[in-house]
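Report on the structure
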Amino acid sequence: MQLRNLIIGGLIATTAALSGCGGSSGGGGTTADSAIAVTPSLGIITNATVKVFQEDGSTLLETSDTGADGAIEISYSGDYSGPLIVVVEGDADAEYFDEASSSMIAFGPGKSIHAIVPAGSTEVTVTALTEIAYQIALLNDLVLTDTVINQINEVVRLALAPELSSILLPPTLFDSSTTTGSFGTTEADKYALRLAALAQLGSADAAPALTMAEQLAQDLSDGTIDGLQDGVAIVGLVYSVANFVTDLQTQLTAMATSFGTSALQTAVTSYTAVSTTVDLSGLVSSLVPDGDGMALSDGNGATGTVGETTYTFTGSIGDGPLYIYAPITGVGLFTSYNGSDPITRWTISGLSDSPGTYSCGADGELPSVSLTLSGVPYLADDCSIEIISVSTTEVEGRFAAHLLGTSDNEFGTVTDGYFRYETPSTGGGGLAEGEYGYSMDVDGENVTVTGVPALDGFDRQVAGFLTLGDTPTFQIRMIPDNSTGTYTCGEGPNSFRLVGMSYAGGTSENSSGSCTVNVTSAGAVYEGTFSGTLYTAGGTAIAITNGFFRNDGSEL
């Protein structure tokens, strides 16, 4: 669900309900299990409305008022334990002490500043810097997980207040009593000084601190201080884009001289210079995979919902598998079709061979998610793929994606995305009970060979190691004698005696690790499963899946 749409609709929708919400400063008989101390600052802010929302921006948890001292502790239901959005809103009697004008200025209706807060926080401030972080999340439609919130707040800190450890820790409140030597080198004092210097950049305006908070948040929401918000010029800009870095340092020094101790004045001279950009490239995908796979009924396939429509496809082309892993390129491809229809399908490309969560690549690079409907492709410009489990022949995971059409027209956001391919049960691999031989799918076609010779001394290539199979048509080489376990091509006792597999002129190169052998029984009977990708001398790939072997080892 996208933050921008939720907040625009949600904050408006809750306004009418506010008269029925009780604040934490009074009685009312409301039982609350969680609390957060809110200390907003444009300088001290008095008599402003404070609202605490769930991370969706529309579910109001509680509302209260800063009162005359500019801070409030708000309690809210312990039934919710996720991230928060804290909003400080102006009203008819709200004011703030402007650090640039040194006077109380109206903080009237229609004015607000925000903070995005990770779960479990017990205190927070709401300032010009937290407003910037909020606007970044809003402009980029980010889903507010703790990871995303921490990333955004951190990139803002690094860009505009690198001397601080956090932009969420409350600053000292600047008010009419602030005087020479009021600010030392504590975290709170350094934060207050930084906010005062920012306010000074807007000193030509009637409400310097508030206007700077609004304009700088608009400007930096797209990642760059350039006087534009998402390509549109900000009207009535009160600061110089060209001189922003030097002007801010000048004001920081001046404010330290006016209100700081000598220690703070010295510290300011060694502050790291601010930046006119914030690095948004490292932000995790805004989409959170949340599928449960219920639509697949424990079968193979992929499913996902866009709007009111759920697309569940479980078919493949011919007898081929839904999932193919290519060891040469190190990526997997998952494709599930609507029956045998090749032009209606889910495609998840560029899958890793390791469990984890992966974001879509930039500019069409892998990994990627796409939905094709009757030959019309809808490609993800943002996606997140969680691989739950994976091997060379099976994969399971969930995904979320934002899909666009061929002309970048909106198609929708995929929720409840899930994909699964588990190697079909061999049920003995096509061998009757007690029957020796092997069975496997070769490029999707079954090959079953029975009546292979019993294992003997010739199959023990090196003391303690076996060759299993019908030499030379099919081989699994260098499996430890009388030992169960899972073995991968490339493992072995030395550089040239390594586990390998061969069939019909194709082989697994010892260095490729392109086969897996699971020996489940060893001794009088050797039995197990295998899979892999073999390559002929000409480079043709041979996909081996659903492999099963059983052989007599009683005469070894």
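Provided above is the structure to which this section pertains.
Calculation criteria
- Residues numbered from 1 in each chain as written.
- Predicted model: local features only at pLDDT ≥ 70, side-chain atom pairs only at ≥ 80, totals over all residues.
- Heavy atoms only, no water.
- Helix = DSSP H or I, 4+ residues; strand = E, 2+ residues; numbered from the N terminus.
- Contact = heavy atoms within 4.5 Å.
- Areas by Shrake-Rupley, 256 points an atom, 1.4 Å probe, with all protein chains shown as cover.
- Pairing = 2+ DSSP bridges.
- Axes fitted to C-alpha atoms, helices over the stretch in contact; angles between N-to-C directions.
- Core = buried A, V, L, I, M, F, W, Y, C linked by side-chain atoms within 4.5 Å.
- Buried < 20%, exposed > 50% of the residue type's maximum accessible area, 1.4 Å probe, protein only.
- Left-handed = near helix turned anticlockwise from the far one by under 90°.
- Nonpolar A, V, L, I, M, F, W, Y, C, P; charged D, E, K, R; others polar.
- Salt bridge = Lys/Arg side-chain N within 4 Å of Asp/Glu carboxyl O.
- Phe/Tyr/Trp six-rings, centres within 6.5 Å; stacked < 30°, edge-to-face > 60°.
- Parallel < 35°, antiparallel > 145°, perpendicular 65-115°, else oblique.
- Polar contact = N/O pair within 3.5 Å; in protein donor to acceptor, adjacent residues only side chain to side chain.
- Disulfide = S-S within 2.5 Å.

1. So, the overall build of the chain
- A count of helical and extended segments in the chain gives seven helices and 32 strands.
- In the chain, the proportion of contacts linking residues at least 24 apart, taken out of those at least 6 apart, comes to 61%.
- Taken as a whole, the chain presents about 23000 Å² of accessible surface, with 50% of it coming from carbon and sulfur.

2. Structural notes on the sheet that holds strand β2 (residues 45–46)
- Read from one edge of the open sheet, three strands run β2-β7-β8, paired in antiparallel fashion. Two strands close off the open sheet at either side, each with one partner strand: β2 and β8 (103–106).
- Running at roughly 95° to strand β7 (residues 95–98), helix α5 (residues 208–220) makes contact with β7 and β8 of the sheet.

3. A word on the nonpolar core
- Within the largest apolar cluster, 55 residues are counted, with the highest numbers of intra-cluster contacts made by I116, L129, I132, L160, L216 and F244.
- At the level of secondary structure, the elements contributing two or more residues to this core comprise β6 (84–89), α2 (128–139), α3 (146–160), α4 (187–200), α5, α6 (244–259) and α7 (262–268).
- Setting aside chain neighbours within four positions, we find L216 in contact with I132, L160, L198, I225, Y239 and F244.
- Ranked by size, the runner-up nonpolar core spans 31 residues in total, among them V50, Y80, V126 and A128.

4. What to know about the pairing of strand β31 (residues 525–535)
- Among the eleven residues that make up β31, eight are buried, leaving the element largely enclosed by the rest of the structure.
- In terms of strand pairing, strand β30 (residues 515–521) meets β31 through six bridges, oriented antiparallel. Paired with C515 across the strands is G532, a residue of β31.
- Hairpin geometry of β30 and β31 is characterised by an intervening segment of three residues between the two adjacent antiparallel strands and by a positive phi of about 125° at G523.
- In textbook terms, the turn of a hairpin is the stretch between consecutive antiparallel strands, and for β31 and strand β32 (residues 541–552) this stretch comprises five residues, one of which, G539, has a positive phi near 90°.

5. Some words on the environment of L169
- Mapped onto the secondary structure, L169 falls in the loop between α3 and α4.
- Separated by 22 residues in the primary sequence, L169 and Y191 place their C-alpha atoms 8.7 Å from one another.
- Not counting chain neighbours up to four residues away, the residues in contact with L169 comprise E123, T125, E187 and Y191.

6. Thoughts on the packing of α2 against α5
- Viewed as axis vectors pointing N to C, α2 and α5 meet at an angle of 35°, and their least axial separation amounts to 8 Å. Regarding α2 and α5, the two cross each other, and that crossing is right-handed. Within the contact between the two elements, α2 uses A128, E131, I132, Q135 and I136 and α5 uses A213, L216, A217 and L220.
- When the residues that make up the contact of α2 with α5 are grouped by side-chain class, the tally is seven nonpolar, one polar and one charged.

7. Description of the pattern of salt bridges
- Taken as a whole and judged by the stated rule, the model has eight salt bridges.
- The partner of R194 in a salt bridge is E163, with the nearest N and O atoms 2.9 Å apart. Here R194 is found in helix α4, whereas its partner E163 is found in the loop between α3 and α4, with 31 residues between them in sequence. We note that R194, like E163, is buried.
- Close ionic contact of D481 with R460 constitutes a salt bridge, the shortest N to O distance being 2.7 Å.

8. Comments concerning the environment of S370
- For S370, the location among the structural elements is in strand β19 (residues 368–373).
- Spatially, the C-alpha atom of S370 lies 8.5 Å from that of A401, the residues being 31 residues apart in sequence.

9. Some details on the packing of aromatic side chains
- For the structure on display, the rule yields 13 aromatic pairs.
- Ring geometry for F97 against F174: centres 6.0 Å apart, planes inclined by 15°, an arrangement best described as stacked. Residue F97 is located in strand β7, and its partner F174 is located in the loop between α3 and α4; the two are separated by 77 residues in the primary sequence.
- With centroids separated by 5.2 Å and ring planes inclined at 35°, the aromatic side chains of F474 and F530 adopt a geometry described as tilted. On the criterion of sequence distance, the pair formed by F474 in strand β26 (residues 474–480) and F530 in strand β31 is long-range, its members being 56 residues apart.

10. A few points about unusual backbone geometry
- The phi torsion at S374 lies on the positive side, around 50°, for a residue other than glycine.
- Tracing the chain through its elements places S374 in the loop between β19 and β20 (376–390).
- Even without a glycine there, the phi angle at D443 is positive, about 50°.
- Structurally, D443 can be placed in the loop between β23 (437–442) and β24 (445–450).
- The class for D443 is partly exposed, based on a relative accessible area of 47%.

11. A closer look at the sheet that holds strand β1 (residues 34–38)
- One open sheet accounts for three strands, arranged β5-β1-β10; its pairing is mixed. Two strands lie at the open edges of the sheet, namely β5 (72–76) and β10 (123–124), each paired on one side alone.

12. Examining the packing of α2 against α4
- Following both chains from N to C, one finds α2 and α4 inclined at 75°, their axes separated by 10 Å at the closest point. Between α2 and α4, the crossing angle belongs to the class labelled roughly perpendicular. Side by side, α2 and α4 meet where A128, L129 and T130 of the first sit next to Y191, L195 and L198 of the second.
- Broken down by class, the residue content of the contact of α2 with α4 amounts to five nonpolar, one polar and no charged.

13. Thoughts on the side chain of T305
- When you line up the elements, T305 lands in strand β13 (residues 301–306).
- Look at T305 and you get buried, because its relative accessible area is 14%.
- Engagement of the side chain of T305 in a polar contact is seen with the side chain of T310, the distance being 2.7 Å.
- Not counting chain neighbours up to four residues away, the residues in contact with T305 comprise T310, T413, V414, T415 and D416.

14. Observations regarding the state of the cysteines
- By the definition in use, this model includes one disulfide.
- Two residues share a disulfide in this structure: C489 and C515, whose sulfurs sit 1.7 Å from each other. Its S-S torsion of about 90° marks the bond between C489 and C515 as right-handed, since a negative value means left-handed. Taken together, the residues span a long stretch of sequence, with C489 in the loop between β27 (485–488) and β28 (500–503) and C515 in strand β30 at a distance of 26 residues.
- Take C515: its relative accessible area is 0%, and that puts it in the buried class.

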